[in-house]
Amino acid sequence: MTNNKLIRPAYLKAGDTVAIVAPSGILKNREREINQADSLLKSWDLNVIVGKHVFSKADHFAGTDEERCQDMQNVMDNPKVSAIWCARGGYGTVRILDKLDYTKFRENPKWVIGYSDITALHNQLHNQGFESLHALMCVSLTKDISEVQESVDTFKAALFGNPTSYVLEGSKYNKEGETSGQLVGGNLTMLHTMLGSDTSLDTKGKILFIEEIGEYKYHIDRMLQSMKRAGYFDNLNGLVVGDMSKLRKNTTLWGASIEQLILDALEDYNFPIAFKMPAGHEDDNRALVLGREVELKVGKEKSSLQFK
């Protein structure tokens with residue numbers, strides 16, 4: 001799917017219901033965060049239901065593949081649910097993707113919210129023709145919510161119909177230019193993992209957002225080179241780079257900065273590249289509406305990402 005207009009789920013209003021589910025990693029000793037998420041949503045006059053298997057345990061995962069899929073399918077099919085908030089990422093969403101049925105979801109589209117491993121779902125939703133929300137998850141909530149206030153505020157704004165446009169800090173690494181297109185993407189590892197499957201994104205005419213955590217620089221270069229060889233960037237309109245968090249140091253140092261690594265890997269392309277998007281695995285994780293048309297203006301002093 002190229003730049004066809006996507007289906008936008010209805011924005012939330014007081015009295016709507018949000019479902020909390022865990023399609024990925026185990027939620028060990030995370031009751032506080034789920035309770036806090038419940039309280040936050042109720043403070044916005046929303047109703048909350050929690051998936052039956054959110055606190056289930058199956059080795060690495062929040063329940064077996066069947067249990068996690070069942071929770072996800074139940075809320076996808078439930079016409080009373082307006083949004084699905086993923087409790088956490090980790091790893092595991094890709095294991096249930098091919099089991100999900102979108103028949104009833106199409107009749108009652110709803111916002112699916114999350115980041116990191118949830119990128120797999122965002123890709124699938126995009127290819128099924130729906131907008132979705134790259135934003136904080138339940139486990140992102142700190143005891144003192146003011147520590148993540150920007151994340152929470154932009155999350156609420158997007159859910160209730162007023163997604164925030166952003167002015168980004170400048171960077172000497174920015175590749176200047178102006179462009180527009182649908183915003184797609186998420187976690188780099190997950191985007192790379194989707195290559196060759198029907199969940200991989202067609203990036204033609206689009207603006208790609210990427211973020212990453214806990215990787216070696218050479219791993220990031222390897223993923224970019226692999227995606228490049230697969231034609232992933234050939235018809236891209238622009239790139240927005242979020243947080244590259246907790247990068248690991250190899251015994252053989254890479255040498256260049258992560259920004260220079262990205263520029264070098266993509267030097268054959270002419271699209272604008274903006275660094276410094278506060279989104280990813282940091283406390284300041286601003287909400288992004290994936291599948292929405294955006295205007296991207298990139299300069300050395302500042303950049304802007306404007307939702308249409």
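One structure accompanies this document, and this report is about it.

Cut-offs and rules
- Counting restarts for each chain: residues are numbered from 1 in the order of the written sequence.
- Note on the predicted model: pLDDT of at least 70 is required for a residue's local features to be given, and 80 or more for side-chain atom pairs to be given and counted; whole-chain, interface and lining totals, by contrast, use all residues.
- As a rule here, side-chain values cover all heavy atoms of the structure and leave hydrogens and water aside.
- In this text, helices come from DSSP runs of H or I with a minimum length of four residues, and strands from runs of E with a minimum of two, each type numbered from the N-terminal end.
- Between two residues, a contact is recorded if the distance between any of their heavy atoms is within 4.5 Å.
- Working definition: with a 1.4 Å probe on protein chains only, accessible area under 20% of the residue-type maximum means buried, over 50% means exposed, and in between means partly exposed.
- With a 1 Å grid spanning the protein atoms alone, the term cavity applies to any set of points in which a 1.4 Å probe fits but cannot get out, the term pocket to an open set with protein on both sides within 12 Å along at least five of seven lines, and the term lining residue to any residue with an atom within 4 Å of a point.
- Grid points are joined across faces, edges and corners, and a volume is the space filled by probe spheres set on the points.
- Three classes are used: nonpolar for Ala, Val, Leu, Ile, Met, Phe, Trp, Tyr, Cys and Pro, charged for Asp, Glu, Lys and Arg, and polar for all others, with Gly counted as polar.
- For two strands to count as paired, DSSP must find a minimum of two bridges between them.
- Each axis is a line fitted through C-alpha atoms, taken for helices only over the stretch in contact, and angles between the N-to-C directions span 0 to 180 degrees.
- What makes a nonpolar core is a set of buried Ala, Val, Leu, Ile, Met, Phe, Trp, Tyr and Cys residues whose side-chain atoms join them at distances within 4.5 Å.
- Salt bridges are defined by distance alone: a side-chain nitrogen of Lys or Arg within 4 Å of a carboxyl oxygen of Asp or Glu.
- Under the convention used throughout, the expected extent of a helix is 1.5 Å for every residue step, that is, one less than its residue count.

### Some thoughts on the environment of Glu 169
Reasoning step 1: Here Glu 169 shows up in strand β6 (residues 166–169).
Reasoning step 2: Considering only alpha carbons, one finds Glu 169 and Glu 31, 138 residues apart in sequence, at a separation of 36 Å.
Reasoning step 3: Excluding residues within four positions of it along the chain, Glu 169 makes contact with Asn 174, Phe 275, Lys 276, Glu 301 and Lys 302.

### A closer look at helix α5 (residues 149–159)
Reasoning step 1: Within α5, burial applies to Ser 151, Val 152, Thr 154, Phe 155, Ala 157, Ala 158 and Leu 159.
Reasoning step 2: Tucked into the core, α5 has its buried residues touching α1 (31–43), β3 (81–86), β4 (111–114), β5 (132–134), β6 and β11 (288–290).
Reasoning step 3: At the C-terminal side of α5, Gly 161 shows a positive phi close to 105 degrees.

### Considering empty space enclosed by the protein
Take a probe with the size of a water molecule and roll it over the atoms, and the empty space left behind shows itself.
Reasoning step 1: For the structure on display, the rule yields one cavity of 30 Å³ or more.
Reasoning step 2: Computed from the structure, the largest cavity encloses a volume of approximately 40 Å³.
Reasoning step 3: The wall of the largest cavity is formed by His 122, Asn 123, His 126, Val 184, Gly 185, Leu 201, Leu 290 and Gly 291.
Reasoning step 4: Listed by contribution, the elements that provide at least two residues to the lining of the largest cavity are α4 (119–128) and β7 (177–187).
Reasoning step 5: Sort the elements by how many residues they give to the lining of the largest cavity and α4 lands first, with three residues.
Reasoning step 6: Taken together, the residues of the lining of the largest cavity break down into three nonpolar, five polar and no charged.

### Describing the sheet that holds β5
Reasoning step 1: Ordered by their spatial adjacency, six strands build an open sheet running β2-β1-β3-β4-β5-β11, and the pairing between neighbours is mixed. For this open sheet the edge positions go to β2 (47–50) and β11, each flanked by a neighbour on one side alone. Between one strand axis and the next, the sheet turns by 25 degrees as a mean value, whatever way the strands run.
Reasoning step 2: Packing against the sheet, α1 makes contact with β1 (17–21), β2 and β3, and its axis sits at approximately 170 degrees to β1.

### Things to note about the nonpolar core
Reasoning step 1: With 72 residues, the main nonpolar core has Trp 85 and Leu 133 as its most contacted residues.
Reasoning step 2: Counting residues per element, this core draws most heavily on β3, which supplies five residues.
Reasoning step 3: In terms of nonpolar packing, the next biggest core, distinct from the first, is built from 26 residues, Ile 210, Leu 239, Ile 262 and Leu 263 among them.

### What about the pattern of salt bridges?
Reasoning step 1: All told, the structure shown has 11 salt bridges when counted by the stated rule.
Reasoning step 2: If you follow the salt bridges from partner to partner, you end up with Arg 8, Glu 131 and Arg 292 in one network.

### Overview of helix α7 (residues 217–229)
Reasoning step 1: If you check α7, its first and last C-alpha atoms are 18 Å apart, about what 13 residues at 1.5 Å a residue would give, namely 18 Å.
Reasoning step 2: In this structure, the buried residues of α7 make contact with α6 (188–193), β8 (207–213), β9 (238–245) and α8 (258–265).
Reasoning step 3: Gly 231, located one to two residues past α7, shows a positive phi value of around 85 degrees.

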